[in-house]
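Structural overview
In case you want the letters, here they are:
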Amino acid sequence: MDKNMQTKEMQRTADFAAADEMKSGEVKSPDVLLYSDLYKNAMMGADSSAKMIGKAGDAEKIDGISACAELRQVITDMMEGYSGFAKRAAEALEALHVPAEQLSALEKLPAEIGITMQTMFDKSVSKCAEIMINGVTMGIIDMKKAQRVCSEDGCSPEAYRLAGDLIGFCEQYVERLKEFL
C-alpha cells in the first residue's frame with residue numbers, strides 16, 4: 001500500500017471514529033480512548049490466558065520437568081498481570097468518570113474460536129506457546145498503535161506510561177513463551 005493510500009485509509013478511519021462520536025453525542029479525550037483500549041487489551045489477554053490454561057494438556061517433559069506445568073504457570077502469571085493492568089485502566093477511567101466497557105461476547109469470539117481450532121488436534125506445549133505468542137504480539141501491535149494516536153492527540157504522560165508498561169509486560173512474556181517452542 002503506497003503512502004497516499006495509507007493516508008487516505010487513516011483519514012477514513014478517523015472520519016468514522018468522529019462520526020461515531022458525533023452520533024453518541026460525546027467526544028472522548030485521548031486519555032479515555034487510550035485507557036479504554038488498554039482495558040480491553042488487558043481483558044482480552046486475561047480471558048485468552050484463562051482459556052489457554054485448560055488447553056495445554058500434554059504431559060511433555062523437558063529435562064525431566066513437566067513443560068506443561070511450567071507453561072501453565074507462565075500463562076497463569078500472564079493472566080494475573082493482565083488482570084492487574086485491566087484494574088489499573090478501569091481505575092483511571094473511573095477517575096475520569098467513564099465506566100470501563102466490558103468485552104462483548106462478539107469481541108471475544110474470534111480469539112475463542114482461534115484457540116479452539118488451533119488446539120483441536122495439537123495441544124502440545126509448543127503449539128500452545130505459539131498461539132499465546134501470536135495473540136500477545138497482536139495485543140502489542142494494537143497497544144503501540146493506540147499509544148501513537150494518543151501521543152499525537154495529546155494524552156497525559158500517565159496514560160502513555162501505563163500503555164508502555166503493558167507493552168513492556170507483553171514483550172517480556174513473549175520472550176518467556178519462546179522457551180517453550
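All residue numbers here refer to positions counted from 1 along the written sequence of the relevant chain. At least 70 in pLDDT is required for a residue's local features to be given in this predicted model, at least 80 for side-chain atom pairs to be given and counted, and no such filter applies to totals for whole chains, interfaces and linings, which use all residues. Side-chain measures were taken over the full set of non-hydrogen atoms in the model, leaving aside hydrogen atoms and water.

A few words on the overall build of the protein chain. Scanning the protein chain from N- to C-terminus turns up 6 helices and 2 strands. Strands here are runs of E lasting at least two residues and helices are runs of H or I lasting at least four, both read from the DSSP assignment and numbered beginning at the N terminus. From first element to last, N terminus to C terminus, the protein chain shows the α and β order α-α-β-β-α-α-α-α. Burial classes: relative accessible area under 20% of the type maximum marks a residue as buried, over 50% as exposed, and values in between as partly exposed (1.4 Å probe, protein chains only). Expressed as a percentage of the 181 residues in the protein chain, the buried residues total 34%. Any two residues whose heavy atoms approach within 4.5 Å at even a single point are treated as in contact. Nonlocal contacts in the protein chain, meaning residues at least 24 apart in sequence, comprise 82% of its contacts between residues at least 6 apart.

pLDDT is a residue-level measure of predictor confidence that goes from 0 to 100. On average, residues of the protein chain carry a pLDDT of 84, and 80% of them reach 70 or more. Within the protein chain, no element has a lower average pLDDT than helix H1 (residues 3-24), which sits at 46, and none a higher one than helix H6 (residues 157-178), at 97. Note that residues 4-8 has pLDDT below 50 and, in this model, 1 contact with residues that lie over four places away or in other chains. In this model residues 12-23 is a low-confidence stretch, pLDDT under 50, and it forms 4 contacts with partners more than four residues away in sequence or in other chains.

This part is about empty space enclosed by the protein. Picture a little ball the size of a water molecule; that probe, rolled over the atoms, points out where space is still empty. Only protein atoms enter the 1 Å grid used here. Points where a 1.4 Å probe fits but cannot escape make up a cavity, open sets with protein on both sides within 12 Å along at least five of seven lines make up a pocket, and a residue lines them when an atom lies within 4 Å of a point. Grid points are joined across faces, edges and corners, and a volume is the space filled by probe spheres set on the points. Taken as a whole and judged by the stated rule, the model has 1 cavity of 30 Å³ or more. The computed volume of the largest cavity comes to approximately 40 Å³. For the largest cavity, the full set of lining residues is Lys-28, Val-32, Ser-36, Val-98, Pro-99 and Glu-101.

With that settled, the discussion passes to the pattern of salt bridges. Criterion for a salt bridge: a side-chain nitrogen of Lys or Arg within 4 Å of a carboxyl oxygen of Asp or Glu. Going through the model one piece at a time under the given rule, you end up with 9 salt bridges. A salt bridge links Lys-144 to Glu-171; its shortest N-O distance comes to 3.6 Å. Residue Lys-144 is located in helix H5 (residues 125-153), and its partner Glu-171 is located in helix H6; the two are separated by 27 residues in the primary sequence. A relative accessible area of 42% places Lys-144 in the partly exposed class.

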